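Results of the structural survey
Residue-level listing of the chains:
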There are 4 protein chains.
Amino acid sequence: MTMIDIGIIGGSGYTGCELIRLLLQHPCARVRIVTSRRLSGNRVTNIHRHLSGLIDLHFENPPPSEIADACDLVFTAVPHGAAMDIIPALLKSDTRVVDLSADYRLPAQVFEETYGRVHTDPRDGDAVFGLPELHPEASEARLVANPGCYPTGAILSAAPLAKAGMIRCAIFDSKSGISGAGGEPSNTSHYPNLAENVQAYNITTHRHLPEIVQELGRLDNSLNSVSNVYFTPHVVPAIRGILTTAHLILREECESGAILDAYKEFYRDKPFVRVREEGDGLPNLADVRGSNFCDIGLVCGGNRAVVISAIDNLVKGASGQAIQNMNLMLGLPETCGLLISPLSP
Amino acid sequence: MTMIDIGIIGGSGYTGCELIRLLLQHPCARVRIVTSRRLSGNRVTNIHRHLSGLIDLHFENPPPSEIADACDLVFTAVPHGAAMDIIPALLKSDTRVVDLSADYRLPAQVFEETYGRVHTDPRDGDAVFGLPELHPEASEARLVANPGCYPTGAILSAAPLAKAGMIRCAIFDSKSGISGAGGEPSNTSHYPNLAENVQAYNITTHRHLPEIVQELGRLDNSLNSVSNVYFTPHVVPAIRGILTTAHLILREECESGAILDAYKEFYRDKPFVRVREEGDGLPNLADVRGSNFCDIGLVCGGNRAVVISAIDNLVKGASGQAIQNMNLMLGLPETCGLLISPLSP
Amino acid sequence: MTMIDIGIIGGSGYTGCELIRLLLQHPCARVRIVTSRRLSGNRVTNIHRHLSGLIDLHFENPPPSEIADACDLVFTAVPHGAAMDIIPALLKSDTRVVDLSADYRLPAQVFEETYGRVHTDPRDGDAVFGLPELHPEASEARLVANPGCYPTGAILSAAPLAKAGMIRCAIFDSKSGISGAGGEPSNTSHYPNLAENVQAYNITTHRHLPEIVQELGRLDNSLNSVSNVYFTPHVVPAIRGILTTAHLILREECESGAILDAYKEFYRDKPFVRVREEGDGLPNLADVRGSNFCDIGLVCGGNRAVVISAIDNLVKGASGQAIQNMNLMLGLPETCGLLISPLSP
Amino acid sequence: MTMIDIGIIGGSGYTGCELIRLLLQHPCARVRIVTSRRLSGNRVTNIHRHLSGLIDLHFENPPPSEIADACDLVFTAVPHGAAMDIIPALLKSDTRVVDLSADYRLPAQVFEETYGRVHTDPRDGDAVFGLPELHPEASEARLVANPGCYPTGAILSAAPLAKAGMIRCAIFDSKSGISGAGGEPSNTSHYPNLAENVQAYNITTHRHLPEIVQELGRLDNSLNSVSNVYFTPHVVPAIRGILTTAHLILREECESGAILDAYKEFYRDKPFVRVREEGDGLPNLADVRGSNFCDIGLVCGGNRAVVISAIDNLVKGASGQAIQNMNLMLGLPETCGLLISPLSP
């Protein structure tokens, strides 16, 4: 079988590094180019020491067109705002692109309001929002906008009830590991500030909220504003993982069994969503660590459902989901190379 | 000055131990008796090794009447259900009692429904619910029922808005350190299960919910059922502390400044509640670790307020608050011996 | 290709679970039987929840002979003392056995002194000590005794200098994650006791010391007693990993470059030992987490070398090394299915 | 009683902050001035949020002479090299000085070799090395050089055996919490790099080694070089605390009981050193957290002693010890205000 050639633009950060880790286990794809402006010329393993002995590439910095010509698919793992400078050049060639930044997840106008900067490459409707459980049309796309980590966990926790039109109000209270903030040391990531602590932040203003509203609104257009969809993120002392507690106020009373059945039906053919039975215990971060799974469990009472979802923010919340999209775009089985066991304990 | 003699019934667990730690710094009180049925005869410091060199008592096991005679005030730090077997005997003498168990926090009937056992000493209305910020009448009480840890953080986060009749629906999402589960090893407290993890539990059924409903209902009787007051606890990788995120749906729109002023006014003379200004950052566990403070911060938007409270579950959530009640009951300044600096970093 | 059938006797604990995780990624082997006396009849994924969707077996409890007949190779992951009751029956058939317990690592007499129990199946010299970097003869063995986790890291850190006869005295100071103590909650694994703490234990008496002495003594018989080989274990707040700091007092002065060259030469064809260059930084737990690598780095000064080794105690220190032995015993490439990327961050 | 007026030069970092925390509990001293060049004009509690409600000072930046005139004693908690620019001016007045930097701990020549900079205020023999258990002459000093955190734990672990001339070779393997590296975020303190990890650093070259050699050499001049005193520091996932494992090779065989008696005798009148009996368990970080204690325990075997010491690096390893020196210098009881209970769990 011919191996698929992959380019990673922006390979020095956590999501770039995680793309390499996951692709090393992929049976049909190989990493051909890893770029970094800052680190060009260095061995990849000088920076990502844990990959020593597994990969023998150097960081490079070729022009996008050259990368596009050499690769069947390119991941852009660059900061928000930088992807839109690169992707038009990539799309001029035949290559496909999965963008891990926020640049193409939202309509240009919403992007500009949310991120406070001009969008120089608006192509509304052209990029697929790459949450494969809701958007299988990624298989036809040339450009997929990989979702944010929080939206992935939040949307999957509420989608079946949103689709059924049952949600009056959704409050997402998320607890995230710190790797979502990246590899650069900061006051938030400083061990004495994070260990043995919990910290809420950007309570009503987090930039991931518009993605959540957009996707839930597509399922139920009564959820299309921020007046009944709330999102509060927290950081907890963990490297990886996001646990989202979705407090869903419903339009009528319900009971756990029926709702659970609806979730199982909704995710029947979605291999990465594991709906936990009652009695199986609720999702937690350890059960998904290092894997592409999204675990979901729930409890109902009166007109309220509490749904818990757990993902690894760097895998299902970023690089794993990007490869899931890659599989779809290239006609491979969705699970190809991605059924990696979680690392637990 | 004459020192006040203190008895601690049940001194082997975390709350008993924390009572000792705090009373060792108290200028007017001294621990005279520490009991433990199981450990009677052992040095206190054989079990609480960190107190070596600071206290020279042995665990004892005298009858309650003897303890009552010897002590001006007795703390009962025994499991739920055990306190009601001891306290009637204590109250026959002149001593005062602060009970850290759940036995006297709720009306007997609610207690029986919640804890699934018969109450053998119902004295509804006789015990003061010992949240001093709401119940200064502890100063007149002979028996104070010290609140649960979660209720302390939850009630204080919502009380000003409840008092103002502004809350339509209150959703408390709490993140707790594991010491609240006590000193006995369990699957939940097993390091590989808790570290790098977050775990929701007892989502709709936690036994602390009736305390929250009772106290908020006293402030606003439209909040007197469980249909608009929800509580979801989680454990996070921390030894101490509870961060409560109160998602409050309000009856009308509001803005942060006005609500913040209302909180500052409500807690004006409450030395242990520190209301954080906008721009001061939100409360977190490190800022209250080891101390009796409850920090509160908030953000409003539309008809929603998100209020964050942080306490040390073993201090303001248990033993520190018990001593705060003791100070009130004995006519001492409320802060006497309790203005201990948090341990941060 | 025909898949190799694997049996796991004792699949409920951490090492059994890790064998399953790793074999799920192995291209030539499949788990056919997983036993547990206690859990027989339960789904494997009811206990190892993180493996849901990846394995569809139930715990069984057949007699050893039946397992041996059905499997090409059997792993015994049972407590010390229990393996010797099972293995004779297994070896009556054609199957091969990798024993993860301590039962066959030491001569029967040393075992009896160390573990304080009678050895009922002494077969000295018959079982290969399964540290493949030192004992490639595992490829010819029917029974391999998989080393202890501490000995794996300690022996590999000192072997090149021991082989060269340069060590006068070796002091191994090891820092271990808590998963080495197993899945049962204990005072040591209780989160409030372990988090933010470090604890030395069994300072001069740990049962892994005789393994270290045995193997270093095979390389240099002046190291064959406990008078110049010392071992001090500690637990640190980590789930996985052992960092061993080997303080080696040498017979003569040396300098880092030459010693480093000797290490690189010694481990030239050993794919799982990664010798870190000067300037590359020292080994740490994150670089090997979840993988079968043993990273080694060192600094010399005067007549002293400080050598640091890092392993994942559940992989290179247990189940990964067991599969490495399996590969050798079955004529597969040593790295088959084992070149798994570490999970970092 | 007249309160003693205290100045803190450099109050923005961890040691300055910890001085404030501890002095707030001190019955005879009050903080009068806290300086910070960078933060001058800000409230102290804007930076040290956890102290809100406890202190009402602003950071200032007056000239040293002014501070000296206003204060009975000044702590200098500034970076190495900066203290020597300030202290001469302070000593011109009557005030006493405890310097928490390294500037006066070593003879000027050793300082220059170790820190790679010129000493502009050499006053060898003039400053007392402020380890009160070995240097009670601090009571006569005008300038005390507060020891480094690692040296405090290492020296106290070996002093009794050094004094007895029994040590042939001392290997200190220390495990430190990260707060010793200060409040500035760095790669080392970045949570994903430190959590679940252990990291050795500066293996043979740490700048604290000369302090250890100097003090042990004063007790036994055969220990006055670096050829038989070794020091290897590690960081572990903890905010506070240093556990030092002293591997001591002795001149003759010994047994635990006799050595333990020698330690108890040596530290008989030293209220902050707690020698743990056999059977009491070994020292650990939790037992000393937040306190000024140094716990010591040991096990002997053959001609080797393994001695474990535990301190809180910010208290006994820095600010607490500085106040212990202050007490001595001002004629107060050594323990005045310092017998604070450790925070455990």
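Residues numbered from 1 in each chain as written. Chains lettered and ligands numbered in written order. Predicted model: local features only at pLDDT ≥ 70, side-chain atom pairs only at ≥ 80, totals over all residues.

1. Considering the domain arrangement of chain A
All names here are of chain A. The domains assigned to chain A are domain 1 (4–147 + 316–329) and domain 2 (150–313). When each unit is reduced to the centre of its C-alpha atoms, the spacing between domain 1 and domain 2 is 25 Å. Contacts between domain 1 and domain 2 engage 18 residues on the former and 25 residues on the latter. Of all the secondary structure elements, the ones that give two or more residues to the side of domain 1 that touches domain 2 are α5 (108–115) and α10 (315–329). Broken down by element, the residue count for the side of domain 1 that touches domain 2 peaks at 6 residues, all from α10. Of the residues that constitute the side of domain 1 that touches domain 2, the class distribution is 9 nonpolar, 6 polar and 3 charged. (Domains from an automatic or database assignment. Contact = placed C-beta atoms within 7 Å. Helix = DSSP H or I, 4+ residues; strand = E, 2+ residues; numbered from the N terminus. Nonpolar A, V, L, I, M, F, W, Y, C, P; charged D, E, K, R; others polar.)

2. A word on the interface of chain D and chain B
Of the residues lining the interface, 23 residues belong to chain D; the matching set on chain B comes to 23 residues. Ranked by residues supplied to the side of chain D that touches chain B, first place goes to helix α1 (residues 14–24) of chain D with 3 residues. Its residues assigned to classes, the side of chain D that touches chain B shows 10 nonpolar, 8 polar and 5 charged.

3. Here we look at the pairing of strand β5 (residues 96–99) of chain B
All names here are of chain B. Neither face of β5 is exposed, since R96 and V98 on one face and V97 and D99 on the opposite face are all buried. Alignment of strand β4 (residues 73–76) against β5, held across 4 bridges, turns out to be parallel. When the bridges of β5 are listed, L73 appears paired with R96. In this region the chain leaves β4, passes through helix α4 (residues 83–91) and returns to the parallel neighbour β5; the handedness of that crossover is right-handed. Here β5 runs beside strand β7 (residues 143–145); their pairing, made up of 3 bridges, is parallel. Among the inter-strand pairings, D99 is bridged to a residue of β7, identified as A145. (Buried ≥ 20, exposed ≤ 12 C-beta atoms within 10 Å, placed from the backbone. Pairing = 2+ DSSP bridges. Right-handed = clockwise from strand over helix to strand, strands pointing away.)

4. Quick look at the relation of the copies chain D and chain B
Superposing chain D onto chain B takes a rotation of 180 degrees plus a shift of 0.0 Å along the axis, which leaves an RMSD of 0.0 Å. The superposition of one copy onto the other is thereby described by a two-fold rotation axis. The fraction of interface residues of chain D whose copies in chain B are also interface residues reaches 100%, indicating that both copies meet through the same surface. (Least-squares fit on C-alpha atoms with pLDDT ≥ 70 in both.)

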